[in-house]
Amino acid sequence: MSGYFTGLRGARGPRAGSPPLTPRARRIIGLNNGFQLLFNLLWWMPVFYAYQREAGLNDGQIFGIQSIYYVAFCLFEIPTGMVADRIGARNCLRAGAVVMTAANLAPVLSPSYTGFLVHFLAIAAGRSLTSGAASAYLYDGLAAEGAGEHYLKAEGQARALGLAAKVLCWPLVGPLMALAHPAPYVLSAASAAGSLVCAVVLPRQATARTGGRARAKGTPRDGLAFLREATKALRGPPRRCACVGHTRGSD
């Protein structure tokens, strides 16, 4: 996502005696925590293989869908990054939450190969839409409040809460499935809908104080230029790394 992390290299944790967080900064952190927790709380994750087997899919179909998912996720990263640059991080989070909510309902509506394929393709699109936008929104929002030093702690806190939620919730999947078989996907959709609520009430992004330097905007030409340079680098001869003396591809 071009331009979003221009100041990230200088980010540090909060120092002793740092000014307290403003109410707006606290709100940004709290809503980001809620978004990250709910968006990534995929109740079906521990049981998706068994669930698809029970739906009649064989191993080739199940692992084939997984392969398609990872390829799609990589391919979606460039266009969704440019979309985020155009419409803004907050709107991108909203779009990703909508896509994720619909994605988690696909296996409930169509428990078939096609339904699971659509499910994983939509998951790839939803995650690509939010993969950088959430961090960009958090960093820019805190920077605009003069609280950029709190970014790393806030980011780590959000991820820790998400992991804790999975530890607490995933053991409940089995008993819930005994009550209602599609429960993991329905609950995942409900969690994604909750993340949409968090994204909707996020405050409008204020302009960060960056010394008057405007953030770059991504364009399709930027994406094509990146692909050309990456292809050229891969096809070219190995280049020696000045810091460790290793060539590209060496152990």
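Structure: see above.
Residues numbered from 1 in each chain as written. Predicted model: local features only at pLDDT ≥ 70, side-chain atom pairs only at ≥ 80, totals over all residues. Heavy atoms only, no water.

1. Focus: the packing of helix 4 (residues 89–109) against helix 6 (residues 133–144)
Two quantities define a packed helix pair, namely the angle between the helix axes and the distance between the axes.
Line of reasoning, step 1. With their axes 9 Å apart at the nearest point, helix 4 and helix 6 run at an angle of 145° to one another. The hand of the helix 4/helix 6 crossing is left-handed. Of the residues in helix 6, those in contact with Ala89, Arg90, Cys92 and Leu93 of helix 4 are Ala133, Ala134 and Tyr137.
Line of reasoning, step 2. Residue composition of the contact of helix 4 with helix 6, grouped by class: 6 nonpolar, no polar and 1 charged. (Axes fitted to C-alpha atoms, helices over the stretch in contact; angles between N-to-C directions. Helix = DSSP H or I, 4+ residues; strand = E, 2+ residues; numbered from the N terminus. Left-handed = near helix turned anticlockwise from the far one by under 90°. Contact = heavy atoms within 4.5 Å. Nonpolar A, V, L, I, M, F, W, Y, C, P; charged D, E, K, R; others polar.)

2. A few points about the pattern of salt bridges
Line of reasoning, step 1. Within the structure shown, the criterion is met by 3 salt bridges.
Line of reasoning, step 2. Taking the shortest distance from any N to any O, the salt bridge between Asp59 and Arg53 comes out at 3.4 Å.
Line of reasoning, step 3. On the accessibility criterion, Asp59 (34% relative accessible area) is partly exposed.
Line of reasoning, step 4. According to the relative accessible area criterion, Arg53 is partly exposed, its value standing at 41%. (Salt bridge = Lys/Arg side-chain N within 4 Å of Asp/Glu carboxyl O. Buried < 20%, exposed > 50% of the residue type's maximum accessible area, 1.4 Å probe, protein only.)

3. A few points about a nonpolar patch on the surface
Line of reasoning, step 1. A cluster of nonpolar side chains, contributed by Ile68, Tyr113 and Leu121, occupies part of the molecular surface with about 220 Å² of accessible area.
Line of reasoning, step 2. Note on placement: Leu121 falls in helix 5 (residues 113–131).
Line of reasoning, step 3. By relative accessible area, Leu121 is classed as partly exposed at 30%. (Patch = residues over 30% accessible without salt bridge, like charges linked within 9 Å, V, L, I, M, F, W, Y side chains within 5 Å. Areas by Shrake-Rupley, 256 points an atom, 1.4 Å probe, with all protein chains shown as cover.)

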